[in-house]
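Analysis of the macromolecular model
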Amino acid sequence: MDVPITLRVDGRDCDVTVDTRTTLLDALRERLGVTSPKKGCDHGQCGSCTVLLDGRRHLTCLALAVAYDGADITTASGLAEADQDALHPVQQAFLDHDGYQCGYCTPGQVCSAVGMLEEVKEGHPSQATADLEAEPELTDDEIRERMSGNLCRCGAYVGILDAIRETSGRTS
Ligand code: FES
Ligand code: FES
């Protein structure tokens, strides 16, 4: 069954008709030509398809597009454009700290990091948060835990950790 939906992608309204079985990832990549989110596992295991969906990080390979009619989606490309000519601070930090090798996982890592930093600002605890009553402190263990859904087959984790640590305002 085909259903018309509208997605707002990186600030642009996109009308598309999708089969109800179409994932949000396939709608973005195959139907709208938005290739920033990557298909890695297609099973919710690797995080390479992560975008910001209505401000929250979200896996698009596990989402059915038809359920997100009207959603506001920001991809890693949209983060850069939102800042006009400048890269988003998280993107710049990934560059500065060599937080990638092949770059395939990077758009998902960047979106996840941006979403994760917002979650911390809002006081959401993680599995690594010791004191649930206090404001979460973004220790390295917290960053690793909160980013554990984003895998990097090149093993650029040291640079990714450095980039996120810097962007969060910590220097050590
Ligand atoms: Fe979505 Fe791997 S492609 S989690
Ligand atoms: Fe290659 Fe992460 S940079 S998979």
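Residues numbered from 1 in each chain as written. Chains lettered and ligands numbered in written order. Predicted model: local features only at pLDDT ≥ 70, side-chain atom pairs only at ≥ 80, totals over all residues. Heavy atoms only, no water.

Let's shift gears to the packing of helix H3 (residues 89-96) against helix H4 (residues 106-121). Contact geometry of H3 with H4 gives a least axis separation of 9 Å together with a crossing angle of 125 degrees. By the angle between their axes, H3 is oblique relative to H4. Regarding H3 and H4, the two cross each other, and that crossing is right-handed. Along the contact surface, H3 presents Val90, Gln91 and Phe94, while H4 presents Thr106, Gln109, Val110, Ala113, Val114 and Leu117. (Axes fitted to C-alpha atoms, helices over the stretch in contact; angles between N-to-C directions. Helix = DSSP H or I, 4+ residues; strand = E, 2+ residues; numbered from the N terminus. Parallel < 35°, antiparallel > 145°, perpendicular 65-115°, else oblique. Left-handed = near helix turned anticlockwise from the far one by under 90°. Contact = heavy atoms within 4.5 Å.)

Membership of the largest hydrophobic core comes to 23 residues, with the highest contact counts inside it found for Val90, Phe94, Met116, Ile143 and Ile164. For this core, the secondary structure elements donating two or more residues are helix H2 (76-82), H3, H4 and helix H6 (157-167). Residue contributions to this core peak at seven residues, all from H4. Grouped together as the second largest cluster of nonpolar side chains are 18 residues, Val18, Leu28, Val51 and Ala63 included. (Core = buried A, V, L, I, M, F, W, Y, C linked by side-chain atoms within 4.5 Å. Buried < 20%, exposed > 50% of the residue type's maximum accessible area, 1.4 Å probe, protein only.)

To continue, consider a nonpolar patch on the surface. On the surface, a nonpolar cluster with roughly 230 Å² of combined accessible area is contributed by Leu87, Leu95 and Tyr100. Structurally, the position occupied by Leu87 is in the loop between H2 and H3. (Patch = residues over 30% accessible without salt bridge, like charges linked within 9 Å, V, L, I, M, F, W, Y side chains within 5 Å. Areas by Shrake-Rupley, 256 points an atom, 1.4 Å probe, with all protein chains shown as cover. Salt bridge = Lys/Arg side-chain N within 4 Å of Asp/Glu carboxyl O.)

All right, on to the pairing of strand E3 (residues 50-53) then. Successive residues of a regular strand alternate their side chains across the two faces of the sheet. Both faces of E3 are covered, namely the face carrying Thr50 and Leu52 and the face carrying Val51 and Leu53. Strand direction decides the pairing type here: E3 and strand E4 (residues 56-59), joined by four bridges, are antiparallel. Bridging from a neighbouring strand, Leu52 pairs with Arg57 of E4. Between the end of E3 and the start of E4, which pair antiparallel, lie two residues, with Asp54 showing a positive phi angle near 50 degrees. (Pairing = 2+ DSSP bridges.)

What follows is about the pattern of salt bridges. Applying the stated criterion across every chain yields a total of 11 salt bridges. Among the ionic pairs, Arg21 bridges to Asp19, the shortest N-O distance being 2.9 Å. The class for Arg21 is exposed, based on a relative accessible area of 67%. Ionic pairing is found between Glu142 and Arg146, a salt bridge with its closest N-O pair at 2.8 Å. Here the residue Glu142 and the residue Arg146 both occupy positions in helix H5 (residues 140-146), the gap between them amounting to four residues, near one helical turn. We note that Glu142, like Arg146, is buried. Overlapping salt bridges bring together Asp26, Lys39 and Asp42 as one network.

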